[in-house]
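Observations on chain architecture
Residue strings, one per chain:
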Amino acid sequence: MTHYDHKSIEAKWQKHWATNKTFKATNNSDKPKFYALDMFPYPSGAGLHVGHPLGYIASDIVSRYKRHKGFNVLHPMGYDSFGLPAEQYAIQTGQHPAETTKTNIEGGTDKSGNKIAGYRNQMDRIGFSFDWDREVRTSSPDYYKYTQEIFIMLFDSWYDNDADKAQPISLLESRFRESGTNNINAATEEDLRHFTAAEWNAFTEKEQQEILLDYRLTFLADTEVNWCPALGTVLANDEIVNGVSERGGHPVVRKKMRQWMMRISAFAERLLTGLEGLDWAESIKEIQRNWIGKSVGAMVSFQLDSHKVDVFTTRPDTIYGVTFMTLAPEHELVDQITTAAQKDAVEAYKKATAARSERERMADVKTISGVFTGAYATHPLSSEPVPVWIGDYVLAGYGTGAVMAVPCGDERDYAFANYFAGQEGMPAIKNIFDGVDISEEAYGAKDKTPLCNSDFLNGMSYQTGAMAAAIEKLEEVGSGKGKTNYRLRDAVFSRQRYWGEPFPVYYKDGLPQMIDRKHLPIALPEVDEYLPTEDGAPPLGRATTWSWCTKENKVVSNDDDRDCVYPLELNTMPGWAGSSWYMFRYMDANNEDEMFSAAAQEYWNNVDLYIGGSEHATGHLLYSRFWVKLLHDLGKVTVEEPFQKMINQGMILGESAFVYRMVPMFECQKTKVSLGGTLGVNEFLFGNREVYISKDLIERDFVLDKSVKSVKDEDIYKHFYYSADLHKALDKSYFDDFKKKSEKSITKKSYDLITNPEKDFVLKYKFFPARVENNFLKNGNILKSEVIGVSKLLFADFEFYNQLTEIKCSFEVEKMSKSKYNVVSPDDICDQYGADTLRLYEMFLGPLEQAKPWNTAGITGVYGFMKKLWKLYHNDAGFSVSDEKASPDSMKTLHKTIKKVQDDIDNFSFNTSVSSFMIAVNELTQQKCNSREVLEPLAVLVSPYAPHIAEELWSLLGHNESISEAPFPVFDEKHLVESSKTYPISFNGKMKFTLDLPVDVSKDELEKMVLANEKVQQQLEGKQIRKTIIVPGKIVNFVVG
RNA sequence: GCUCGAGUGGUGGAAUUGGUAGACACGUUGGACUUAAAAUCCAAUGGGUAGUAAUGCCCGUACGGGUUCAAGUCCCGUCUCGAGUACCA
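Predicted model, so just to flag it, every value in this text is computed and none were measured. (Residues numbered from 1 in each chain as written. Chains lettered and ligands numbered in written order. Predicted model: local features only at pLDDT ≥ 70, side-chain atom pairs only at ≥ 80, totals over all residues. Heavy atoms only, no water.)

To continue, consider the overall build of chain A. The number of helices and strands found in chain A is 34 helices and 44 strands. Looking at the 1041 residues of chain A, the share that counts as buried comes to 53%. Taking the intrachain contacts of chain A between residues at least 6 apart in sequence as the baseline, contacts between residues at least 24 apart amount to 70%. Per element, the accessible surface of chain A, about 47800 Å² overall, is 48% carbon and sulfur. (Helix = DSSP H or I, 4+ residues; strand = E, 2+ residues; numbered from the N terminus. Buried < 20%, exposed > 50% of the residue type's maximum accessible area, 1.4 Å probe, protein only. Contact = heavy atoms within 4.5 Å. Areas by Shrake-Rupley, 256 points an atom, 1.4 Å probe, with all protein chains shown as cover.)

Below you can see the structure in the form of structure tokens.
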């Protein structure tokens, strides 16, 4: 084989790696360990496109590099295979999601006969060094039985704020037995009942269980949830984008439901502080910090008759500025405190608010609305009456759902007070800032300003301790205490879906009971349809065998009416359950006795390099940190953070091709009224065919309306263009002709209208963009007329503008997706250029973290490099490498490349090492180098990036072992040492020419040599040297004048 | 609105602690080989300008200032684009 044949080489080595299990990682080794992990893919039916493997290639390069560097590398892959798309497909086709998921992973044919390549096959073709023996799938019972076990662990735990860790619930029970709720500082809801040891011991079993439920880290609660009627399920906040569901874009409403919750809020502080030590992009940490949303302040109680209204404030020091209070319309006290006179107004407002969707409320921030309840609370310090309002700018879900309004220092309160100024219940704004004018706006910069009208706080400011003094006073009078609030809410954990982990829970007397761990997994039951039941129960409500027998300890038929049979939970777990702990399962993936052994976890510790998209910032990355902290507290793992170093790869964008459909219209120049389809203009001009035109021809032949300043590409169709020539031809005879030809479709009224010279109608065009499937393009951007007949996106009855047979498409960069017809499959690239070229090219596109458009045009350069690399080891007759010593130049090329590649991988700068490979191969070709001394280490150098060709060359070089563990070449400085250096010689900082000067001379000598130079003298002629800067090895600069 | 990030040739992008801006690749142009095409190889390629030429000169890293012998890099201000977030009391 003399030419580079990527197909046979790649097939050969992929098979070799698979049969020899080349990349199998061992759990005991003398080598240092390295764990590189990619974010769990969801195996969709659309398959991989070239954007997906980007991160996998990067982690694979690092993994292979670390093996060369002598590490024991764990580089696993698996599937987050529970999820909504498979379920929706199941609803549509009736196919079991397990089947479609299997097909999507392993390949096959879908229900409509489309061939599915399968994620696994697609990945195998790219030559990843995954240890496939450790593959996990979240939807496999062997895996999810441990997800169920972790749920039980959460149920069996409570959060002890004093120890600042999760503790077994048995510990809480024994403390209750001994001393009741005394000295218990647990993460729970506010205001739980207190009891003594004697009371506890007197409670019935059921009562005790009910109380414990309030403390558990996963608990049942009636919560207002985001209910999506179209999907028949509840969505988490991060599954809603702009008020509609992330998947499908369905509307979302609020509804109260009994749900399993996760007490992630107990971990808020640790999740926040834990971020500090992580080597993550600052932006991701910032997103998590915002999401956790810590604010320090105080709880303040206002007495209102027999009621107590609690508010949270970050500025208790402004307490004397309280002018009124506002409650969320949903606040539970509203009905009780509203006076008879205000009842109607309050009811009407509550109704109006409830009718507005969450989305409307969020979008409409500017409108101020609210109603006075008629009630007055008592100021805890001044005892003055404080009017109580309701308003939807106060969110029911944050803090206590009530605020003390301090208009002099808060913009929203100020706006509210001003809007209702003069009405009943809205007193004049109290100003507590000394010497500050608040007649125009609230005083935002209040931190340093001394307070006035504030009793004991007068003269103090926020910065000089007013806050602490206020809290102290409030505590003294029993009306408040210091408190830290978090925006982070407890996470809803129940989903009304089929394709997820079942809960290991049955219900006895309405109380949830955990099934013993030894009976897991509780396998997903079969159902006849994947939809909610008639009466609104989740899909599992359709299962006929879905009850738990406590005697036999197994799932039995619902018809079984023995006393020991209880109904099982009908909800399933959300998508993030399985992905929150999978990184540990990989450490010991085939363990049948436990989720992973302590020894395996201790050996692999945590993930050294995690690569994936930044879209998981508030979902997966936060929840898995939460679960790991729990596993840590319960002694299950030795680490508290799962992902030490993370890199977020940028999205690869697709280029969508467009042509434009011409739509002719008449427009009156005076009134700008346009008349289109009803006149039959299209029929007359184009014989009722669609006419397509390209953007360049629009720009060439049509003139944009003068009234339009500039047009963005995507807006091109919103404006009229007109053809200058056609405009000229629009005299009366044209319209007579028009009328004759299209008698039927033109009314007399329209005809009179457009032929009336005073009205001055002209012909104009709109251009509507039409997508073109990428595979119909020739030479990248040419659309030929013959392919339109088979296109799904363009009208079959068509012609091109001016009867052209082909036109040039224009492009827009968009997200790569099946629905946009701009997907490029890695399989096609592997066919045409090979996996090594694909790997190199994906890296060559630019920095890993940056989003970039995929443009196949540049790939030929990388393919050319592969061929040149191959040719270095071959002559016309075949493989040819000499054992002669390499030239110093070649050694220099080799060693500078070693250094560069090493530095680049350490900095995750993969694009620059591809360049340096190209430079090396270009130089070695130039030098006609074919010495083993250089070519052997070069193969190892290239191997992480282009492993197939490297293996092939390695074996041609006479090695029987795989290249994968060959030691990485050692960089030796001595090959780079030179006797001279090319100095840039500049004058006043501007480089004029370069000089080759010796390296090993002193600064003074250097200066003498430079000054002796003829060119330097020429430059200096007639000028004076003011200063000479010589930086040895860098630059020579003369300041002249 | 707030927070963060980014603006470099026709294109993707290089440029270590401030030290030769545009590496590498695509594209384009010209040439060699070929009946032709593909492939391959060679040369040129930021803009302007003077010269027959060798070779000069000027301008250039979004825009306006500043620090420095020297700024894509540091500082101040402005603009544009992208991402995240959104009544959080």
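The subject of this paragraph is the protein's contact with RNA strand B. Around RNA strand B, a shell composed of 47 residues is seen, among which Thr314, Tyr398, Arg412, Leu845 and Asn1037 lie nearest. Of all atoms in RNA strand B that approach within 4 Å of the protein, 60% are sugar or phosphate atoms. Between a phosphate oxygen of RNA strand B and a side-chain N or O atom of Asn922, the distance comes to 3.1 Å. Between Asn1037 and RNA strand B, the recorded distance is 2.6 Å, taken from a side-chain N or O atom to a base oxygen. Secondary structure elements with two or more residues in the surface near RNA strand B: helix H11 (282–292), strand S13 (307–313), helix H28 (859–872), helix H30 (910–926), strand S41 (980–987), strand S42 (990–998), strand S43 (1025–1031) and strand S44 (1035–1040). (Near = heavy atom within 4 Å. Polar contact = N/O pair within 3.5 Å; in protein donor to acceptor, adjacent residues only side chain to side chain.)

What follows is about a nonpolar patch on the surface. Taken together, Ile1029, Val1031 and Ile1035 make up a surface patch of nonpolar side chains, about 180 Å² in accessible area. The residue Ile1029 is located in strand S43 in this model. Taking the relative accessible area as the measure of exposure, Ile1029 reaches 30% and is therefore partly exposed. (Patch = residues over 30% accessible without salt bridge, like charges linked within 9 Å, V, L, I, M, F, W, Y side chains within 5 Å. Salt bridge = Lys/Arg side-chain N within 4 Å of Asp/Glu carboxyl O.)

For H28, spanning 14 residues, the distance from its first C-alpha to its last is 20 Å, which sits close to the expected 20 Å at 1.5 Å a residue. The set of residues buried in H28 consists of Ile859, Val862, Tyr863, Gly864, Phe865, Met866, Leu869, Trp870 and Leu872. (Expected span 1.5 Å × (residues − 1).)

Attention shifts here to empty space enclosed by the protein. Scanning the entire structure with this criterion turns up one cavity of 30 Å³ or more. Space inside the largest cavity adds up to approximately 30 Å³. Taken together, Leu54, Glu842, Met843, Gly846, Pro847, Leu848, Phe908, Ser909, Phe910 and Asn911 form the lining of the largest cavity. Looking at the lining of the largest cavity, the elements with two or more residues in it are helix H27 (835–844) and H30. The class makeup of the residues in the lining of the largest cavity is six nonpolar, three polar and one charged. (1 Å grid on protein atoms, 1.4 Å probe; cavity = no way out; pocket = protein on both sides within 12 Å on 5 of 7 lines; lining within 4 Å. Points joined across faces, edges and corners; volume = space filled by probe spheres on them. Nonpolar A, V, L, I, M, F, W, Y, C, P; charged D, E, K, R; others polar.)

Moving on, we get to the pairing of strand S20 (residues 505–508). Here S20 runs beside strand S21 (residues 511–514); their pairing, made up of four bridges, is antiparallel. Residue Tyr506 lies in a different strand from S21, and its bridge partner there is Gln513. Counted between consecutive antiparallel strands, the loop separating S20 from S21 contains two residues, among which Asp509 sits at a positive phi close to 55°. (Pairing = 2+ DSSP bridges.)

Let's shift gears to the sheet that holds strand S1 (residues 33–38). What the four strands build is an open sheet, ordered S2-S1-S25-S26; its pairing is parallel. Looking at which strands have only one partner, the edges of the open sheet turn out to be strand S2 (72–74) and strand S26 (646–648). The average angle at which neighbouring strand axes cross in this sheet is 15°, direction not considered. By the bridge criterion, three bridges tie strand S25 (residues 609–612) to S26 in an arrangement that is parallel. The residue of S26 that forms the bridge with Gly612 is Asn648. (Axes fitted to C-alpha atoms, helices over the stretch in contact; angles between N-to-C directions.)

Relative to the helices and strands, Ser890 resides in helix H29 (residues 888–906). Residue contacts for Ser890: discarding those within four places in its chain leaves Leu924, Gln927, Cys929 and Val934.

Right, let's get into the UniProt feature "binding site: ATP" (unreviewed entry) in chain A. In the numbering used here, UniProt assigns the "binding site: ATP" (unreviewed entry) feature to Lys818. Within the secondary structure layout, Lys818 lies in the loop between strand S37 (810–815) and helix H26 (826–832). A residue is classified by how much of its surface remains accessible, and Lys818, at 60% relative accessible area, is exposed. The residues contacting Lys818, other than those within four sequence positions of it, are Ala46 and Val823. (UniProt positions renumbered as here; feature names shortened; annotations may be inferred.)

A separate point is the pattern of salt bridges. Scanning the entire structure with this criterion turns up 45 salt bridges. A salt bridge links Glu135 to Arg137; the shortest N-O distance between them is 2.6 Å. Across the pair Lys350 and Asp335 runs a salt bridge, and its minimum N-O distance is 2.9 Å. Of this pair, Lys350 sits in helix H13 (residues 343–355) while Asp335 is found in helix H12 (residues 334–337), placing the two residues 15 residues apart along the sequence. Ionic contacts of the salt-bridge type, sharing partners, join the residues Arg270, Arg625, Lys629, Asp633, Glu640 and Glu641 into one network.

Side chains of strand S29 (residues 690–693) alternate between two faces, with Glu690 and Tyr692 and Val691 and Ile693 buried alike. Looking at chain direction, strand S27 (residues 652–668) and S29 are connected through two bridges and run antiparallel. In the strand pairing of S29, Arg661 is matched with Tyr692. Bridge analysis of S29 against strand S35 (residues 798–800) gives three bridges, and the strand direction is parallel. Looking across to S35, one finds that Glu690 is bridged to Phe798.

Where like charges cluster on the molecular surface, the negative patch consists of Asp142, Glu592, Asp593 and Glu594. Along the chain, the position of Glu592 falls in the loop between helix H18 (582–585) and helix H19 (598–604). (Lys, Arg positive; Asp, Glu negative; His and termini not counted. Charge placed at Lys NZ, Arg CZ, Asp CG, Glu CD.)

Within the element layout of this structure, Met991 appears in strand S42. For the pair formed by Met991 and Ile1035, sequence separation is 44 residues and the distance between their alpha carbons is 9.5 Å. Apart from the residues within four sequence positions on either side, Met991 is in contact with Pro984, Ile985 and Ser986.

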